[in-house]
Amino acid sequence: MSGNACSSLRPTLPVPLFDTSSPFAALRPQIDAAIARVLDSERYILGPEVTAFEQEFATYCGARHAIGVANGTDALTIALRAMGVGPGDDVVVPSFTFYSSAEAIPPTGARPVFCDIDLDTFCITPETVKAALTPRTKAVIAVDLFGNLAPIAKIEALGVPVLEDAAQAAGTTSTRGRSGSLGTAATFSFFPSKNLGCFGDGGAIVTSDDQIAERARMLRFHGSRDKVMFEQVGYNSRLDELQAAILRVQLPHLDEWAAGRRAAGAAYEAAGLGEVVALPRPTDGVVPAWHLFVVRSERADELAEALNAEGIGNKAYYRTPIHRQPAMQSFAPESDLSATDEAARTHLAIPMSPVLTAEQAREVCAVARRQLRQVAA
């Protein structure tokens, strides 16, 4: 659709930022049956549902192991420790991401070292990582932000292991494989709003390294392999059996939902939204399953007001980058992270879901175009 056609439309219905209920509607009988199956089994902790989901999710990602844990933040900390990160080490991490990507590092005893991003993809690059490397760098956390994928192979070529934070990218594919299979290990969050979400908290560590998987399983259960001998100070961090059963129902539909997210992104482009704001650019070779569709505008706050006035969901997620957060001041870099600061100032998430329609995309575009015209006038 041309930009002029887009501008002639006027929103008639609210468009939510997320639609987490519609995709589940048809699955409700299967989800109810899965919950009943767990209740009837009376196995609630690390039972057959967790084991089965771990096997199924590892296969989906293209890895040998998946280890279910309590949430995505624990997944990061446990994965780092399983990779050998500890006191005295540095871990490179972007500052333009959710706080937990960096928050997970200090509990290992290591220090977060913040790096910049590419403004168009919102992901780290070999160049931004190289600028942040130190003699003590033990790992890099590459965040697959908003469903895009960082160029992990090129970052690994710098000679440092990469932990892929794939919390926002379940269902994203690339010429090198799916999200979760691209680094030394990967972590996922199954928070309800994620591309693959449970009905509470949940997370997983994915890896094809047998030793990392073994250490992660031990660390998630108090540092014990057998509940008798405790080799390390670990965590009580286990994926709940009920949540695993629910995730098993959803997993076969993840590719369909990912295609819906890609179609929604394409609908925005077809509606001419790129004439009004800067659209996110997929990393080379990547086909994103957009978790969030984040645009950039010098007038992002005014755009947010215009969208709010029409009942269209939107949110600025990371106006204050992590390195400027009070708890991270002692780790703030000496040099500026210019792309991070610009992304923080200009970004805005607009509606995205597997069921977002082309009509809804045109409604969002129409509001954005009218807002731009008012500013120009």
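Residues numbered from 1 in each chain as written. Predicted model: local features only at pLDDT ≥ 70, side-chain atom pairs only at ≥ 80, totals over all residues. Heavy atoms only, no water.

Here we look at the overall build of the chain
Then comes step 1: For the chain, the count of helices and strands is 14 helices and 11 strands.
Then comes step 2: Relative to the compact-globule value of 21 Å for 377 residues, the chain shows a C-alpha radius of gyration of 21 Å, a close match.
Then comes step 3: With respect to the principal axes defined by its C-alpha atoms, the chain has extents near 70 × 55 × 35 Å.
Then comes step 4: Here the analysis covers contacts within the chain between residues at least 6 apart in sequence; of these, 69% occur between residues at least 24 apart.
Then comes step 5: Just so you have it, the chain exposes about 15,600 Å², and 51% of that area is on carbon and sulfur atoms.
Then comes step 6: Between the centroid of the 34 positive side chains of the chain and the centroid of its 43 negative side chains there is a distance of 1 Å. (Helix = DSSP H or I, 4+ residues; strand = E, 2+ residues; numbered from the N terminus. Rg over C-alpha atoms; globule rule 2.2 N^0.38 Å. Contact = heavy atoms within 4.5 Å. Areas by Shrake-Rupley, 256 points an atom, 1.4 Å probe, with all protein chains shown as cover. Lys, Arg positive; Asp, Glu negative; His and termini not counted. Charge placed at Lys NZ, Arg CZ, Asp CG, Glu CD.)

A few points about the pattern of salt bridges
Then comes step 1: Considering all chains together, one arrives at 21 salt bridges under this definition.
Then comes step 2: D32 is the partner of R28 in a salt bridge, and the nearest nitrogen-oxygen pair spans 2.9 Å. Of this pair, R28 and D32 both sit in helix α3 (residues 28-41), four residues apart, which is roughly one turn of that helix.
Then comes step 3: Judged by relative accessible area, which is 52%, R28 ranks as exposed.
Then comes step 4: Among the residues examined, D32 registers a relative accessible area of 35% and is labelled partly exposed.
Then comes step 5: Note that R296 and D120 form a salt bridge whose closest N and O atoms lie 3.3 Å from each other. Taken together, the positions of R296 in strand β10 (residues 293-296) and D120 in the loop between β3 (111-115) and α7 (126-132) put the pair 176 residues apart, joining distant regions of the chain.
Then comes step 6: Taken together, the salt bridges that share partners define one network made up of R37, E49, E56 and R248. (Salt bridge = Lys/Arg side-chain N within 4 Å of Asp/Glu carboxyl O. Buried < 20%, exposed > 50% of the residue type's maximum accessible area, 1.4 Å probe, protein only.)

A few points about the packing of aromatic side chains
Then comes step 1: Enumeration over the complete set of coordinates arrives at 15 aromatic pairs.
Then comes step 2: For the ring pair F24 and W257, a centre distance of 5.9 Å and an interplane angle of 75° mean the geometry is edge-to-face. One end of the pair, F24, is in helix α2 (residues 22-25); the other, W257, is in helix α11 (residues 254-270), and 233 residues separate them in sequence. Summarising the burial analysis for this pair, F24 and W257 share the class buried.
Then comes step 3: One aromatic cluster in this structure is built from F53, F57, Y60, F188 and F190. (Phe/Tyr/Trp six-rings, centres within 6.5 Å; stacked < 30°, edge-to-face > 60°.)

Here's the deal with the packing of helix α4 (residues 48-61) against helix α10 (residues 241-250)
Each pair of packed helices can be summarised by the angle the axes make with each other and by the distance between the axes.
Then comes step 1: At their nearest, the axes of α4 and α10 sit 8 Å apart, and the two run at 40° to each other. In terms of orientation, α4 and α10 fall into the oblique class. Between α4 and α10 the crossing geometry is left-handed. For the pair α4 and α10, contact is made by P48, E49, V50, A52, F53 and E56 and by E241, A244, A245, L247 and R248, respectively.
Then comes step 2: Its residues assigned to classes, the contact of α4 with α10 comprises seven nonpolar, no polar and four charged. (Axes fitted to C-alpha atoms, helices over the stretch in contact; angles between N-to-C directions. Parallel < 35°, antiparallel > 145°, perpendicular 65-115°, else oblique. Left-handed = near helix turned anticlockwise from the far one by under 90°. Nonpolar A, V, L, I, M, F, W, Y, C, P; charged D, E, K, R; others polar.)

With respect to α3
Then comes step 1: In this model, α3 (14 residues) spans 20 Å end to end at C-alpha, consistent with the 20 Å of a helix rising 1.5 Å per residue.
Then comes step 2: Turning to α3, its buried residues are I31, A34 and V38. Looking down the long axis of α3, one finds its buried residues gathered within 60° of arc, a one-sided arrangement. In α3, those exposed residues whose orientation departs by more than 90 degrees from the buried face are R28, P29 and D40.
Then comes step 3: Contacts made by the buried residues of α3 are with α4 and α10.
Then comes step 4: Note on α3: the residue one or two positions beyond its end, E42, has a positive phi of about 60°. (Expected span 1.5 Å × (residues − 1). Arc of directions from axis to C-beta.)

Some words on the sheet that holds strand β2 (residues 90-94)
Then comes step 1: Strand order in the open sheet formed by seven strands is β1-β8-β7-β5-β4-β2-β3, and the pairing between neighbours is mixed. Two strands in the sheet have a free side with no partner beyond their single neighbour: β1 (65-69) and β3. Across the sheet, the mean angle separating the axes of adjacent strands is 25° when strand polarity is ignored.
Then comes step 2: Of the strand pairs in this sheet, β2 and strand β4 (residues 137-143) are connected by three bridges, and their pairing is parallel. Within the sheet, the bridge partner assigned to V92 lies in β4 and is V140.
Then comes step 3: The strands that helix α9 (residues 210-220) touches are β1 and β8 (203-207); relative to β1, the one it contacts most, it runs at about 15°. (Pairing = 2+ DSSP bridges.)

Concerning the nonpolar core
Then comes step 1: One finds F96 and I124 to be the most contacted residues of the largest nonpolar core, which totals 62 residues.
Then comes step 2: The biggest single contributor to this core is helix α5 (residues 72-82), with six residues.
Then comes step 3: Setting aside residues no more than four positions away along its own chain, I124 makes contact with P94, C115, D116, I117, V129, V140, I141, A142, A150, P151 and I155.
Then comes step 4: Ranked by size, the runner-up nonpolar core spans 26 residues in total, among them V277, L303, L307 and L356. (Core = buried A, V, L, I, M, F, W, Y, C linked by side-chain atoms within 4.5 Å.)

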